[in-house]
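Chain by chain, the residues run as shown.
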Amino acid sequence: AVTRHFLALALALIAALPLAGCRQADGPMPQQQADTDNRIGDLSRDLLAVAKGEASGTQDFLDDAKTFAPNSQVEQAVERMGRKLADAVKGRALTEQAARQLAHSSWTIASASELSERQYETVREDLRSQLTAIGVGQPAVDAIVADAATAQAAVSTRPRRWYEVF
């Protein structure tokens, strides 16, 4: 009886092992269109203007960031994140490279609709690192990253597969 119980337990364990290795497959990164690089450049210049304290910088950044949003729900989420991002870079010594990285992350967050949870987490961690590198405080970074997660959830069209539950 003990051997039979042990054999049944061993078979159940062996059957469960393949499922334990299942994870969400990575999705495709958003494809850049012909004008995407120029539009990311616009976002970058907008962030530089915000950092320098130009009056129209924040609104220009928000207007440009929202153009990547596929619908009004994503647009609202991108605007919330973008407003906090603009507030965080105001008065900071932002380099062109740092502005470009933040602009690219903003584009990815607003445009990537088929990424896995792991990929979304990587994008958010990249954003966190970029903000920390320019001296943004932890509470502001956490708020921006939380809004990035909300924006990513709004833009995501990728359903979870049955095997991703394990």
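Located above this text is the structure these notes cover.
A. Expanded view of the overall build of the protein chain. For the protein chain, the helix and strand inventory stands at seven helices and zero strands. Each helix (α) and strand (β) of the protein chain, taken in turn from the N terminus, gives the series α-α-α-α-α-α-α. Taking as baseline every contact in the protein chain between residues at least 6 positions apart, the subset at least 24 positions apart corresponds to 75%. Accessible surface, the protein chain: about 9400 Å² in total, of which carbon and sulfur atoms supply 56%.

B. Summary view of the packing of helix H4 (residues 72–89) against helix H7 (residues 138–155). Running from amino to carboxyl end, H4 crosses H7 at an angle of 160°, the nearest separation of the two axes being 8 Å. Between H4 and H7, the angle is such that the two are roughly antiparallel. Handedness of the crossing formed by H4 with H7: left-handed. On H7, the residues touching Gln73, Val74, Ala77, Val78, Arg80, Met81, Lys84, Leu85 and Ala88 of H4 are Ala143, Ile144, Asp147, Ala148, Thr150, Ala151, Ala154 and Val155. Taken together, the residues that form the contact of H4 with H7 break down as 12 nonpolar, two polar and three charged.

C. Summary view of the environment of leucine 115. Within the secondary structure, leucine 115 sits in the loop between helix H5 (96–111) and helix H6 (117–133). Accessibility expressed as a relative area gives 1% for leucine 115, which makes it buried. Each C-alpha atom of the pair leucine 115 and arginine 158 lies 7.2 Å from the other, and the pair is 43 residues apart in sequence.

D. Fine view of the environment of lysine 52. Topologically, lysine 52 is positioned in helix H2 (residues 36–52). You can call lysine 52 exposed: its relative accessible area is 67%. With 42 residues separating them along the chain, lysine 52 and leucine 94 place their C-alpha atoms 8.5 Å apart.

E. The arrangement of the pattern of salt bridges in detail. In the structure shown here, the tally under the stated rule is 10 salt bridges. Between aspartate 35 and arginine 39 there is a salt bridge, and its shortest N-O distance comes to 3.7 Å. The exposure class assigned to aspartate 35 is partly exposed, which follows from its relative accessible area of 35%. Note that arginine 128 is salt-bridged to aspartate 142, the shortest N-O span being 2.7 Å.

F. Structural view of the nonpolar core. By size, the foremost hydrophobic cluster in this structure holds 42 residues, and its most contacted members are Leu47, Leu85, Val89, Leu94, Leu102 and Leu131. Those elements that place two or more of their residues in this core are H2, helix H3 (57–66), H4, H5, H6 and H7.

G. Expanded view of the environment of alanine 49. Of note, alanine 49 is situated in helix H2. Overall, the relative accessible area of 11% leaves alanine 49 in the buried class. Along the chain, alanine 49 and glycine 91 lie 42 residues apart, while their C-alpha atoms are 9.8 Å from each other. If sequence neighbours within four positions are ignored, alanine 49 has contacts with Glu54 and Gly57.

Cut-offs applied
- Residues numbered from 1 in each chain as written.
- Predicted model: local features only at pLDDT ≥ 70, side-chain atom pairs only at ≥ 80, totals over all residues.
- Heavy atoms only, no water.
- Helix = DSSP H or I, 4+ residues; strand = E, 2+ residues; numbered from the N terminus.
- Contact = heavy atoms within 4.5 Å.
- Areas by Shrake-Rupley, 256 points an atom, 1.4 Å probe, with all protein chains shown as cover.
- Axes fitted to C-alpha atoms, helices over the stretch in contact; angles between N-to-C directions.
- Parallel < 35°, antiparallel > 145°, perpendicular 65-115°, else oblique.
- Left-handed = near helix turned anticlockwise from the far one by under 90°.
- Nonpolar A, V, L, I, M, F, W, Y, C, P; charged D, E, K, R; others polar.
- Buried < 20%, exposed > 50% of the residue type's maximum accessible area, 1.4 Å probe, protein only.
- Salt bridge = Lys/Arg side-chain N within 4 Å of Asp/Glu carboxyl O.
- Core = buried A, V, L, I, M, F, W, Y, C linked by side-chain atoms within 4.5 Å.

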